[in-house]
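Here are the chains, one letter per residue:
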Amino acid sequence: MEFAGTSIKNERLLPGAGFVGGEWRGADSGGTVAVVNPANGESVGKTPMMGDAETRRAIDAAAAALSGWRAQTGKERAAVLREWHRLILENAEDLARIMTAEQGKPLAEARGEIAYGASFVEWFAEEAKRCGGEIVPGVRRNTQIRVTREAAGVAAMITPWNFPVAMITRKAAPALAAGCTAVVKPALLTPLCALALAALAEDAKIPPGVFNVVTGDSAKIGGEMCANPAVRVLSFTGSTEVGKKLAAACAPTVKKLALELGGNAPFIVFPDADLDLAAQQAMLCKFRNSGQTCVCANRFYAHESVRDSFVEKLAREMRSLKVGDGFGEGVNQGPLINKEAVEKVRAHIADATGKGAKVVVGGEAHELGGCFFQPTLLCGMRDDMLATREEVFGPVAPVYDFQSEEEVVARVNDTPYGLAAYFCTEDLGRAMRVSASLEAGIVGVNEGIISCEVAPFGGVKESGIGREGAREGMDEYTEIKYTLIGYCGEAR
């Protein structure tokens, strides 16, 4: 079938309805919201404008399905998740095309996200069989202490628009593996991928009510998720501002929280760095998804002795980027998600240049218009500029000078955020010393791509609570139970 100017083989991936209790449903009001391709402003579909009532029914369905799903063995849950993983890969091309149409990222990058998102389902299918406990020696004779990890209950998940598949699988896969049931609220801007995942979950025979997707009014859906006592875990990826509000709203029912929030990642180039490698890794880190990732570098710090050389190499790489519609041949920079994102980029550049920064590359809206913006390189940055404090979330690379290791570490740590940090050096001692000093949950040393399913992802300070991926990802969806058993091995 034709979809948004591209070909989709599996029509089931575009249901146009929410998925609640194993049934495809519209909004009670009949209302819908258009999904728009940011590359051309055209509608690519409609999804239900659901609210609190529909969300309540989804939570009720998840609660009803909980006991049966939790009672299955880890091996049984693993088998279902493996089938979901197989179907995601089998439909990878269709999923990638849906993603490019609703989110804008280049098709090659969308294909990469599908593989990345599927990797979490595979990983946690395996972890389902390893979610065990331990026997602890008793403190008194004839007793045994048993420590078990049990499913926490119904898990609500609020996911962002920048990774509309991977941010769902990174949350839902460990929850389902642990024996929890899930209610997912995808971003209003990119709900189609979430509904496609729900269709594949249904095909994988994930039982009704175990995986639910509601689309629509963010405030009403999120409000019900926070207030409903049946929800025992809330997982959110998004801005720190919204994360704080959700945490406050969850306080009355004392839910478990998994919050992956905003970042302000530094990228440091030390004087002993391989500058060609540094420029290459900076490109991978900064311009993936047109700079719209929470872990992409937001501030570049180059030692004064190598600054000019690094800027020259980075500028050369940036000029080779091809901006355009994500379906275009050779395109590696798609549009920003909407006009508001474009205005934020403009504001950051205007603030920097108004305070003395110089534009080396780009600096203006792209000739394609709309949501396209030129990849931009700024030099002569100062710490009092907006880009130092705020995450730009766009294709802007601001470069700062520094003179010493101690100075730059202090400057990059001077932020309320602590998600990711990067630096390049050929000095092993410096690599160990600086990685230990950086206040971040994730550190890349001579590497600009750091996310994978086998490593724990998450931040410190105001960048969040908890970890996703790796074996630690199961912790967010399990509770620890301690059982003291008396009179073991002694007849009464």
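Everything here concerns the structure above.
Residues numbered from 1 in each chain as written. Predicted model: local features only at pLDDT ≥ 70, side-chain atom pairs only at ≥ 80, totals over all residues. Heavy atoms only, no water.

**Things to note about the overall build of the protein**
Inclusion rule: Put simply, DSSP marks the helices as runs of H or I at least four residues long and the strands as runs of E at least two long, and each gets a number from the N terminus on. In this setup the radius of gyration rests on C-alpha atoms only. A globule is expected at 2.2 Å times the number of residues raised to 0.38. Burial classification: accessible surface area is computed with a 1.4 Å probe over protein chains only, and a residue below 20% of its type maximum counts as buried, one above 50% as exposed, and the rest as partly exposed. In what follows, a contact means two residues having at least one pair of non-hydrogen atoms within 4.5 Å. Accessible areas in this description were obtained via Shrake-Rupley with a 1.4 Å probe; residue shielding takes into account the shown protein chains only.
Counting secondary structure elements, the protein contains 14 helices and 24 strands. The C-alpha atoms of the protein give a radius of gyration of 24 Å, which matches the 23 Å a tight globule of 492 residues would have. Referenced to the eigenvectors of the C-alpha coordinate spread, the extents of the protein come out at roughly 80 × 60 × 40 Å. Here the protein holds 492 residues, and the buried ones make up 56% of them. The long-range fraction of contacts in the protein, counting pairs at least 24 apart against all pairs at least 6 apart in sequence, stands at 73%. Total accessible area on the protein is roughly 19400 Å²; 51% of this is exposed by carbon and sulfur atoms.

**Considerations on the sheet that holds strand E14 (residues 265-269)**
To keep it simple, the criterion reads: What makes two strands pair is DSSP finding at least two bridges between them. To obtain each axis, a line is fitted to C-alpha atoms, and for helices this fit is confined to the stretch in contact; angles are then taken between N-to-C directions over 0 to 180 degrees.
Read across the sheet, seven strands follow the order E16-E17-E18-E15-E14-E20-E21 without closing on themselves; strand pairing throughout is mixed. Whereas interior strands pair on both sides, the edge strands pair on one side only; in this sheet they are strand E16 (358-361) and strand E21 (442-445). Recorded for the sheet is a direction-independent mean angle of 25° between the axes of neighbouring strands. In this structure, strand E15 (residues 297-303) lies alongside strand E18 (residues 396-402), joined through four bridges in parallel fashion. Pairing of Phe300 across the sheet is with Val399, part of E18. Where helix H10 (residues 307-319) meets the sheet, it contacts E14, E15, E16, strand E17 (376-379) and E18, and its direction lies at approximately 165° from that of E17. Contacts from helix H14 (residues 428-437) reach strand E20 (420-424) and E21, with the element oriented near 160° to E20.

**Points about helix H7 (residues 218-227)**
Quick note on the threshold: Residues adjacent in sequence count toward polar contacts only when both atoms are side-chain atoms; beyond that, a polar contact is any pair of N or O atoms within 3.5 Å, and within protein one must be able to donate a hydrogen and the other to accept it.
Inspection of H7 places Ile221, Gly222, Glu224, Met225 and Cys226 among the buried residues, and these make up the whole buried set. Residues of H7 that are buried in the fold lie against helix H1 (52-71), strand E9 (154-158), strand E10 (181-185), strand E12 (231-237) and helix H8 (240-250). Its side-chain oxygen 3.1 Å from the backbone nitrogen of Ala219, Asp217 forms the N-cap of H7.

**Here's the deal with the packing of aromatic side chains**
Under the convention used in this document: Aromatic rings from Phe, Tyr and Trp, taking only the six-membered ring of Trp, are treated as a pair when their centres fall within 6.5 Å; an angle between ring planes under 30 degrees marks them as stacked, one over 60 as edge-to-face, and anything in between as tilted. The rule for a charge over a ring is simple: NZ of Lys or CZ of Arg within 6 Å of the ring centre, and within 35 degrees of the ring normal.
Using the criterion set out here, one finds 10 aromatic pairs in the structure. Ring geometry for Phe267 against Phe300: centres 5.3 Å apart, planes inclined by 40°, an arrangement best described as tilted. Of this pair, Phe267 sits in strand E14 while Phe300 sits in strand E15, and the two are 33 residues apart along the sequence. Look at Phe267 and you get buried, because its relative accessible area is 1%. What makes Phe300 buried here is its relative accessible area of 1%. An aromatic cluster is built from Phe267, Phe300, Phe310 and Tyr422, whose rings are joined through pairwise contacts. Geometry around Phe457 places Arg170 over its ring, the cationic atom sitting 4.0 Å from the centre.

**A short note on the pattern of salt bridges**
Rules: Salt bridge, as used here: a side-chain nitrogen of Lys or Arg that lies within 4 Å of a carboxyl oxygen of Asp or Glu.
Across all of its chains, the model carries 32 salt bridges by this definition. Taking the shortest distance from any N to any O, the salt bridge between Arg170 and Glu260 comes out at 3.3 Å. Of this pair, Arg170 sits in helix H5 (residues 166-178) while Glu260 sits in strand E13 (residues 256-260), and the two are 90 residues apart along the sequence. Taken as a pair, Arg170 and Glu260 share a single burial class, namely buried. When the shortest N-O distance is used, the salt bridge between Glu462 and Lys244 registers 3.0 Å. A residue pair is termed long-range when its members are at least 10 positions apart, and Glu462 in the loop between strand E22 (460-461) and strand E23 (464-465) and Lys244 in helix H8 qualify at 218 residues. Of the residues examined, Glu462 reaches a relative accessible area of 32% and is grouped as partly exposed. By relative accessible area, Lys244 is classed as partly exposed at 46%. Via salt bridges that share partners, Arg170, Lys171, Glu260 and Glu468 belong to a single interconnected network.

**Things to note about helix H6 (residues 192-203)**
Think of an α-helix as 3.6 residues a turn; residues three or four steps apart then line up on the same face. The condition that has to hold: Each helix should span, by expectation, one fewer than its residue count multiplied by 1.5 Å.
A rise of 1.5 Å per residue sets the reference length of H6, with its 12 residues, at 16 Å; its end C-alpha atoms lie 17 Å apart and thus fit the reference within 8%. With 10 of 12 residues buried, H6 lies mostly within the body of the structure. Within H6, the full set of buried residues consists of Leu192, Cys193, Ala194, Leu195, Ala196, Leu197, Ala198, Ala199, Leu200 and Ala201. Following H6 by one or two positions, Lys205 adopts a phi angle in the positive range, close to 70°.

**Overview of the nonpolar core**
So the rule is basically this: Residues enter a nonpolar core if they are buried and are Ala, Val, Leu, Ile, Met, Phe, Trp, Tyr or Cys, with the set joined through side-chain atoms within 4.5 Å.
Within the largest apolar cluster, 66 residues are counted, with the highest numbers of intra-cluster contacts made by Trp84, Ile88 and Phe211. Sort the elements by how many residues they give to this core and helix H4 (residues 107-127) lands first, with 10 residues. Leave out the neighbours within four places in its chain, and Ile88 touches Leu95, Ile114, Ala118, Val121, Leu197 and Leu200. Ranked by size, the runner-up nonpolar core spans 34 residues in total, among them Cys285, Ala297, Ala420 and Phe457.

**Here we look at the side chain of Thr47**
In this structure, Thr47 sits in strand E6 (residues 43-48). Non-local contacts of Thr47, meaning those with residues more than four positions away in its chain, are made with Gly31, Thr32, Val33, Val35, Pro191, Leu192, Leu195 and Thr215.

**Here we look at the packing of helix H2 (residues 74-90) against H4**
Where we set the bar: Any angle that falls under 35 degrees is termed roughly parallel, while one over 145 is termed roughly antiparallel, one within 65 to 115 roughly perpendicular, and all others oblique. Here a crossing is called left-handed whenever its near helix is offset anticlockwise from the far helix by less than a right angle, and right-handed whenever the offset is clockwise. The classification used treats Ala, Val, Leu, Ile, Met, Phe, Trp, Tyr, Cys and Pro as nonpolar, Asp, Glu, Lys and Arg as charged, and all other residues, Gly among them, as polar.
Between H2 and H4, the least distance of the axes is 8 Å, while the angle of their chain directions is 165°. Judged by the inter-axis angle, H2 sits roughly antiparallel to H4. Between H2 and H4 lies a crossing whose hand is left-handed. Counting all contacts with H2, which are made through Ala78, Leu81, Arg82, Trp84, His85, Ile88 and Leu89, the residues of H4 involved are Ile114, Ala118, Val121, Glu122, Phe124 and Ala125. For the contact of H2 with H4, the per-class residue count stands at 10 nonpolar, one polar and two charged.

Remember that the coordinates give geometry; whether it matters functionally is a separate question.
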